[in-house]
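# Structure at a glance
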Amino acid sequence: MTHVGMPAGQLAQMRQSPWFPALEAIAPTLAYDHAGLIGSSTAVPVDKAAKIAVPALVMYGSVSPALMGAAARTLSETIPELNCAKSKGRTTTCPRRCWRPSSNRSWRA
């Protein structure tokens, strides 16, 4: 989790949560999920993303780790019908109200 920018102190707090052992139990499988879906690279798979032919929305928070915003911007330059939204003052989570784009708002990053 620190690999994607989570502060060590926040991770220490998470470790105290009652649900953390369940999360930790599946952690070894995440590398396989990543390898199966994306490959061994940590780079955005632009070759695969460019084949997406349906409208899509990628969101990231303005206080998310920098790599999240960079990945979202890369996808917005790669996927033809992608809208990229930055949620001000948020991390990688967003309440449901953020999921409804307004017709008068530009979602491009």
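Residue positions are counted from 1 within each chain, in the order its sequence is given. Whole-chain, interface and lining totals are the exception, using all residues; otherwise, since this is a predicted model, local features are given only for residues with pLDDT of at least 70 and side-chain atom pairs are given and counted only at 80 or more. Excluding hydrogens and water, the side-chain figures rest on all heavy atoms present in the structure.

## Topic: helix 4 (residues 66–78)
- Only DSSP runs of H or I covering at least 4 residues are called helices, and only runs of E covering at least 2 are called strands; the numbering of each starts at the N terminus. By this rule the span expected of a helix is its residue count minus one, scaled by 1.5 Å. Between its first and last C-alpha atoms helix 4 spans 19 Å; for 13 residues at 1.5 Å apiece the expected length is 18 Å, and the two agree.
- Note on classification: 1.4 Å probe, protein chains only; a residue is buried when its accessible area is under 20% of the maximum for its type, exposed when over 50%, partly exposed between these limits. Residues G69, A72, L75, S76 and T78 constitute the buried set of helix 4.
- Contacts between residues were defined by any pair of non-hydrogen atoms, one from each residue, lying within 4.5 Å. In this structure, the buried side of helix 4 is in contact with helix 3 (46–49), strand 1 (56–61) and strand 2 (82–87).

## Looking at the nonpolar core
- Within this scheme, the nonpolar core is defined by two criteria: the residues are buried Ala, Val, Leu, Ile, Met, Phe, Trp, Tyr or Cys, and they are joined through side-chain atoms within 4.5 Å. One finds A49, V58, Y60, A72, L75, I79, L82 and C84 forming the largest nonpolar core, which totals eight residues.
- The set of elements that each furnish at least two residues to this core consists of strand 1, helix 4 and strand 2.
- Apart from residues lying up to four places away in sequence, A72 is in contact with V58, Y60, L82 and C84.

## Some remarks on the pairing of strand 2
- Here strand 1 pairs with strand 2 via six bridges, running parallel. Its bridge partner lying in strand 2, L57 is registered against N83.
- Handedness of a crossover is defined as follows: with both strands directed away from the viewer, a clockwise route from the first strand across the helix to the second makes it right-handed. In this view, the connection linking strand 1 to its parallel neighbour strand 2 by way of helix 4 has right-handed handedness. A pair of strands is considered paired only if DSSP assigns at least 2 bridges between the two.

## Quick look at the side chain of S76
- Considering the arrangement of structural elements, one finds S76 in helix 4.
- For S76, a relative accessible area of 15% gives the class buried.
- Polar contact is defined as a pair of N or O atoms within 3.5 Å, subject to the rule that within protein one atom must be able to donate a hydrogen and the other to accept it, and that residues adjacent in sequence are counted only when both atoms are side-chain atoms. In terms of polar contacts, S76 uses its side chain to reach the backbone carbonyl oxygen of R73, at 2.7 Å.

## Section: the packing of aromatic side chains
- Put simply, two rings from Phe, Tyr or Trp (the six-membered ring, in Trp's case) pair if the centres are within 6.5 Å, and we call them stacked under 30 degrees between planes, edge-to-face over 60, tilted for the rest. By the definition in use, this model includes one aromatic pair.
- Relative to F20, the ring of W19 has its centre 6.3 Å away and its plane inclined at 50°; by these criteria the two rings are tilted.

## Side note on the pattern of salt bridges
- Basic side-chain nitrogens of Lys or Arg form a salt bridge, by our definition, when they fall within 4 Å of a carboxyl oxygen of Asp or Glu. The final tally for this structure, using the stated rule, is one salt bridge.
- Linking E24 and R15 is a salt bridge whose minimum nitrogen-to-oxygen distance equals 3.3 Å.

## As for the side chain of T78
- By secondary structure assignment, the location of T78 is in helix 4.
- A polar atom in the side chain of T78 sits 2.7 Å from the backbone oxygen of T74.
- Those residues in contact with T78, other than ones at most four positions away along the chain, are V46, A49 and A50.

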